[in-house]
Amino acid sequence: HFTAMSCLYLNNNLLGFSLAPDTDGNIFKALKRLKYLELKNNKITHLPYAVFKNLKSLQKLYLNDNLLTDIRFDIVTLESLQYLDLSENQIQYLSESTMQQLDQHAHFTLNLKGNPLLCSCGTLSFLQWMIETQSRNIDMDNFRDYTCTQFSRKGKILNFTNVEDHIEELTKKCSSYSTLICVIISSIILFLVVLSAGLFYRFRWKLRYFYYMTKSRYHGYKAVRGDD
């Protein structure tokens, strides 16, 4: 009930277990004037969607050194947010819905340093978003210090110093994979169609006999109508 509080430090605890059930945002409900919140190193694996819904004045939020894999809490309600620190978590990529929420914000800074980011065809849109968004509304703090793991047997680590070159190479590779997948799927469908047509033609008389036998079984004997 400290309604005038502007800064709150709750680092190095185990608050992840207390915050996870707070689906209505009651814990921080009264902190209407809070501008600075630190929740570092609290073993946080999940944050409910509405946990921060009442923090309209919050400017800086530190969630680094936790176990988050994505941003699932509502960011749009944090109208005054200027800095969001998610460094040293377990984030491999951000979902499409999360990226859309972040794009609705005015200019602010996002820190994803130290996360096990993934460089693959499935995360290509996220990697492109990180580069493109810096010229719009979001500044990626320490962006050139990020690293990502390229999906391969060796798990090659890529540095973001030349991330544009890596993404261009990944884009070409993914497009070739997409073409290959389309060709394979089309070939399988064509094979199944030809096989089905061949089987139908090969057993056409048995199938026709089966059809009439089934029809007669269900409809039974019908008398011929009329005087003829």
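These numbers come from a predicted model, not from an experiment.

A. Geometry of the overall build of the protein chain. Secondary structure assignment for the protein chain yields five helices and nine strands. Listing each helix as α and each strand as β along the protein chain from the N terminus yields β-α-β-β-β-α-β-β-α-β-β-β-α-α. For 228 residues, the compact-globule formula gives about 17 Å, and the C-alpha radius of gyration of the protein chain, at 29 Å, lies well above that figure. When its C-alpha atoms are laid out on the principal axes, the protein chain stretches across 100 × 50 × 30 Å. Burial status across the protein chain gives 35% buried among its 228 residues. Restricting the contact set of the protein chain to residue pairs at least 6 apart, pairs at least 24 apart contribute 62%. In the form shown here, the protein chain has an accessible surface area of approximately 14700 Å², with 57% of it arising from carbon and sulfur atoms. With 26 positive and 21 negative side-chain charges, the protein chain shows a spacing of 12 Å between the two charge centroids.

B. Spatial organisation of the pattern of salt bridges. Scanning the entire structure with this criterion turns up two salt bridges. Residues Glu168 and Lys172 are paired through a salt bridge, measuring 4.0 Å at the closest nitrogen-oxygen approach. Taken together, the residues Glu168 and Lys172, both in helix α4 (residues 163–202) and four residues apart, mark about one turn of the helix. Here Glu168 falls in the partly exposed class, since its relative accessible area comes to 45%.

C. A positive patch on the surface, seen in detail. The grouping of Lys29, Lys32, Lys53 and Lys56 at the surface amounts to a positive patch. With respect to the helices and strands, the residue Lys53 is situated in the loop between β2 (36–38) and β3 (60–62).

D. Up close: the sheet that holds strand β8 (residues 147–150). In spatial order, the strands read β6-β8-β9; together these three strands make up an open sheet with mixed pairing. Unpaired on one side and paired on the other, β6 (117–119) and β9 (157–159) mark the two borders of the sheet. The average undirected angle you get between the axes of adjacent strands in this sheet is 40 degrees.

E. Highlighting the state of the cysteines. What the rule picks out here adds up to one disulfide. Disulfide partner of Cys119: Cys148, at an S-S distance of 1.8 Å. Its S-S torsion of approximately -80 degrees makes the covalent link between Cys119 and Cys148 left-handed. Of this pair, Cys119 sits in strand β6 while Cys148 sits in strand β8, placing them 29 residues apart in sequence. For the pair Cys119 and Cys148, one class covers both residues: buried.

Cut-offs applied
Residues numbered from 1 in each chain as written. Predicted model: local features only at pLDDT ≥ 70, side-chain atom pairs only at ≥ 80, totals over all residues. Heavy atoms only, no water. Helix = DSSP H or I, 4+ residues; strand = E, 2+ residues; numbered from the N terminus. Rg over C-alpha atoms; globule rule 2.2 N^0.38 Å. Buried < 20%, exposed > 50% of the residue type's maximum accessible area, 1.4 Å probe, protein only. Contact = heavy atoms within 4.5 Å. Areas by Shrake-Rupley, 256 points an atom, 1.4 Å probe, with all protein chains shown as cover. Lys, Arg positive; Asp, Glu negative; His and termini not counted. Charge placed at Lys NZ, Arg CZ, Asp CG, Glu CD. Salt bridge = Lys/Arg side-chain N within 4 Å of Asp/Glu carboxyl O. Patch = residues over 30% accessible without salt bridge, like charges linked within 9 Å, V, L, I, M, F, W, Y side chains within 5 Å. Pairing = 2+ DSSP bridges. Axes fitted to C-alpha atoms, helices over the stretch in contact; angles between N-to-C directions. Disulfide = S-S within 2.5 Å.

Scope: geometric values only; no functional claims are made or implied.
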